[in-house]
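Chain by chain, the residues:
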Amino acid sequence: MKNLRLLRNQKKLSQQRLADILHISQQSVYKYENGLTAPDFQTLTRMADFFDTSVDYLIGYTDIPHKIEPVAEYKLNPDEESLVQKYRCLPISTRKVMQMLMDEYLGRRT
């Protein structure tokens, strides 16, 4: 649970508040953050969903803080590759804004 404390602090949540959100005890959050015990699979996935991250990030298997999404392989030119890489670094909420902007822009062109 390498990144649980980091994510909780980023959201400015107390252990008790996170526990209330996840329907677990404050003591459980403390134990997870300090490596004294590990959450069950359901709790782990609820945490990942709440923080909009992957289970792998929560447990420290990756340094990528956003959810890992399925990727289809395409032949892209260097400009397209650069845009895709930048897009993948954006948080989900920003991606949605970018998609709305592109839709709006393309809608005006047609």
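So, how was this worked out
- Residues numbered from 1 in each chain as written.
- Predicted model: local features only at pLDDT ≥ 70, side-chain atom pairs only at ≥ 80, totals over all residues.
- Heavy atoms only, no water.
- Helix = DSSP H or I, 4+ residues; strand = E, 2+ residues; numbered from the N terminus.
- Buried < 20%, exposed > 50% of the residue type's maximum accessible area, 1.4 Å probe, protein only.
- Phe/Tyr/Trp six-rings, centres within 6.5 Å; stacked < 30°, edge-to-face > 60°.
- Salt bridge = Lys/Arg side-chain N within 4 Å of Asp/Glu carboxyl O.

Novice: In this structure, what is going on with the environment of Gln-99? I would like to understand it.
Specialist: One can find Gln-99 in helix H7 (residues 92–109). A relative accessible area of 36% places Gln-99 in the partly exposed class. Here the alpha-carbon distance between Gln-99 and Arg-46, two residues 53 residues apart in the chain, equals 27 Å.

Novice: I tried to follow unusual backbone geometry on my own but got confused; where do I start?
Specialist: Apart from glycine, the bulk of residues carry a negative phi angle, and the bulk of peptide bonds sit in the trans form. Positive phi is not limited to glycine here, since Lys-12 has a value of about 55°. Mapping Lys-12 onto the fold places it in the loop between helix H1 (4–10) and helix H2 (15–22). With a phi close to 60°, His-23 is a non-glycine residue in the positive phi region. Here His-23 lies in the loop between H2 and helix H3 (26–33). Taking relative accessible area as the criterion, His-23 reaches 68% and is therefore assigned exposed.

Novice: What is the right way to read the packing of aromatic side chains from this model?
Specialist: What characterises a pair of aromatic rings is the spacing of the ring centres plus the angle enclosed by the ring planes. Tallying each qualifying case throughout the model produces one aromatic pair. Note on Phe-50 and Phe-51: the rings are 4.9 Å apart at their centroids and 75° apart in plane angle, and the pair reads as edge-to-face. You can call Phe-51 buried: its relative accessible area is 8%.

Novice: Even after reading the chapter, I still don't get the pattern of salt bridges, so can you show me in this structure?
Specialist: Side-chain pairing between opposite charges can occur once the charged atoms of the two side chains come close. Scanning the model with the defined rule gives four salt bridges in all. Glu-33 is paired through a salt bridge with Arg-5; the nearest N and O atoms lie 3.4 Å apart. Separated by 28 residues along the polypeptide, Glu-33 in helix H3 and Arg-5 in helix H1 bring together distant segments of the chain. Residue classification places Glu-33 among the buried positions, given a relative accessible area of 9%. Taking relative accessible area as the criterion, Arg-5 reaches 34% and is therefore assigned partly exposed.

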